[in-house]
Every structure is written in structure tokens, then in C-alpha cells.
Amino acid sequence: MERGKKIIIVSHCILNQNCVVKPYAKKQDKFLKFIKNFVLNNYGIVQLPCPELFILGLKRWGHVKDQLEYPNFKAECKVLLYPIINQIEMYINCDYKIDGIYGIQGSPSCGVNKTCRGNWEGEASCYKNLDDILKRVHLVSEKGIFMEILQELLKEKNIEINFYDIDDWSEEID
């Protein structure tokens, strides 16, 4: 078998929409065109773990970056990322080309260019209604927590890899 020696690294939910918080999961075929392009061009695909799934579980509610910016969440993200960093180092040391890390736009964990922030705390009953809470959520131009930590760990190892967002909020993924 011939190795392509080309790798991409993708957020967990790109290959597994079962981990996405309700109601944002899409049919998996929404990502088929994106993945198929790499597979047909002999790329290997490394799937990142989903920090929200591991730390908060499947029955979690939607979070914003502000809720995940605490020391224990960040520490657990690092634990999840250390094996990925080791894998990346092995590939690079064996002359593989890593063509990018792909996140999900808007994700509080895996957003690359945009993440969601919201100013609230406590029980939902503390607010007038759901609209009052939703008005507090905004997309901002920054990375999600998991991608920030991944970038920091790569920088510590002097590894440069481009990061890209997949616009998870659009109907089509190109």
C-alpha cells in the first residue's frame, strides 16, 4: 500500500455528529464532500477528541466559551490533547505533511475564527425567558478553548500548522 504522507486533523464532530449538542447535529452527509475530497487525494485523517463530550457528556446543554474558561476544563483539554501532540510529532519526524487543523465555526471549544460568547450564569429561571438568554449570545472573532490550547501546545513544540473553520451554521459545506 502506498502512503500519501499527507494528514489533516479534524474536530471530532466532523466525523461524528452524534456528539453534537442538541439540536445542532446535522446529517453526516453534510460533511461528505469535505471529507471525500481528502480521502480521494490519499490523505490520512486524525480525529480530535471532543472535549465537551468527554467532560460534559452527551446530555449537556449548549455552552458558550465564557462557561468553559475555567482551569479544570482547560486542564482536561490538555490531557485530551497530549496524545494528539505526540502523534503530530511522530508524523512530522517521519516527513509527513500536515495540511491543516479543521474546527467548527461558532463552537465554544473547536471554533477557529469564530466562537460564541454569552454573558450569563446560574439557572435559566434567573432570566425573563429564553429570548433574554439568547440575546446574550454573540459570535466573536476568536478561537474556542480547545483550539486555543491546541495552538498553545503546538507552539511549545515549535510546530506550525494552519487552522481552518468549517462553517457549521451554513446549509452547504464546501
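Residues numbered from 1 in each chain as written. Predicted model: local features only at pLDDT ≥ 70, side-chain atom pairs only at ≥ 80, totals over all residues. Heavy atoms only, no water.

1. Observations concerning the sheet that holds strand 2 (residues 43–47)
Okay, so step 1: As summarised here, the arrangement of the four strands in space is 2-1-3-6, forming an open sheet in which the pairing is parallel. A strand with exactly one partner marks an edge of an open sheet, and here the two such strands are strand 2 and strand 6 (163–166). Ignoring which end each strand starts from, the neighbouring axes of this sheet average 30 degrees apart.
Okay, so step 2: On the sheet, helix 7 (residues 145–156) packs against strand 3 (97–104) and strand 6 and is oriented at approximately 155 degrees with respect to strand 3. (Pairing = 2+ DSSP bridges. Helix = DSSP H or I, 4+ residues; strand = E, 2+ residues; numbered from the N terminus. Axes fitted to C-alpha atoms, helices over the stretch in contact; angles between N-to-C directions. Contact = heavy atoms within 4.5 Å.)

2. Observations regarding the nonpolar core
Okay, so step 1: Ile9, Leu48, Ile88, Ile101, Met147, Leu150 and Leu154 are the most contacted members of the largest nonpolar core, which totals 27 residues.
Okay, so step 2: Elements that contribute at least two residues to this core include exactly strand 1 (6–10), helix 5 (71–93), strand 3 and helix 7.
Okay, so step 3: Among all residues touching Ile88, those that are not within four sequence positions of it are Ile9, Ile98, Leu154, Ile159 and Ile161. (Core = buried A, V, L, I, M, F, W, Y, C linked by side-chain atoms within 4.5 Å. Buried < 20%, exposed > 50% of the residue type's maximum accessible area, 1.4 Å probe, protein only.)

3. Some words on the packing of aromatic side chains
The geometry of two aromatic rings is summed up by the distance between their centres and the angle between their planes.
Okay, so step 1: Scanning the model with the defined rule gives seven aromatic pairs in all.
Okay, so step 2: Look at Phe34 and Phe38: their rings are 5.3 Å apart centre to centre, the planes differ by 75 degrees, and that puts the pair in the edge-to-face class. Highlighted residues: Phe34 and Phe38, both in helix 2 (residues 32–40), separated by four residues, approximately one helical turn. Summarising the burial analysis for this pair, Phe34 and Phe38 share the class buried. (Phe/Tyr/Trp six-rings, centres within 6.5 Å; stacked < 30°, edge-to-face > 60°.)

4. Digging into the confidence of the model for the protein
Okay, so step 1: Residue-level pLDDT values for the protein average 90, and 95% of them are 70 or greater.
Okay, so step 2: Low pLDDT, under 50, characterises residues 169–174; the predicted model gives this stretch 14 contacts beyond four residues in sequence or across chains. (pLDDT = per-residue confidence, 0-100.)

5. Regarding unusual backbone geometry
Okay, so step 1: With an omega of 0 degrees, the peptide bond running from Lys22 to Pro23 counts as cis.
Okay, so step 2: Positioned with a positive phi, Lys5 is a non-glycine residue whose angle comes to about 55 degrees.
Okay, so step 3: Mapped onto the fold, Lys5 is located in the segment before strand 1.
Okay, so step 4: Of note in this structure, Asn42 is not a glycine but carries a positive phi near 65 degrees.
Okay, so step 5: Mapping Asn42 onto the fold places it in the loop between helix 2 and strand 2.

6. Notes on the packing of helix 5 against helix 7
Okay, so step 1: Where helix 5 contacts helix 7, the axes come no closer than 9 Å and their chain directions differ by 50 degrees. Accordingly, the angle class assigned to the pair helix 5 and helix 7 is oblique. For the pair helix 5 and helix 7, the sense of crossing is right-handed. Of the residues in helix 7, those touching helix 5 at Phe73, Lys74, Cys77, Lys78, Leu80, Leu81, Tyr82, Ile85 and Ile88 are Ile145, Phe146, Ile149, Leu150, Leu153 and Leu154.
Okay, so step 2: Looking at the contact of helix 5 with helix 7 residue by residue, the classes come out as 13 nonpolar, no polar and two charged. (Parallel < 35°, antiparallel > 145°, perpendicular 65-115°, else oblique. Left-handed = near helix turned anticlockwise from the far one by under 90°. Nonpolar A, V, L, I, M, F, W, Y, C, P; charged D, E, K, R; others polar.)

7. Focus on helix 7
Okay, so step 1: Here helix 7 spans 17 Å end to end across 12 residues, near enough to the 16 Å set by a 1.5 Å rise per residue.
Okay, so step 2: Buried residues of helix 7: Ile145, Phe146, Met147, Ile149, Leu150, Leu153 and Leu154, and no others.
Okay, so step 3: Residues of helix 7 that are buried make contact with helix 3 (51–56), helix 4 (65–68), helix 5, strand 3 and strand 6.
Okay, so step 4: Asn158 lies just past helix 7 and shows a positive phi near 55 degrees. (Expected span 1.5 Å × (residues − 1).)

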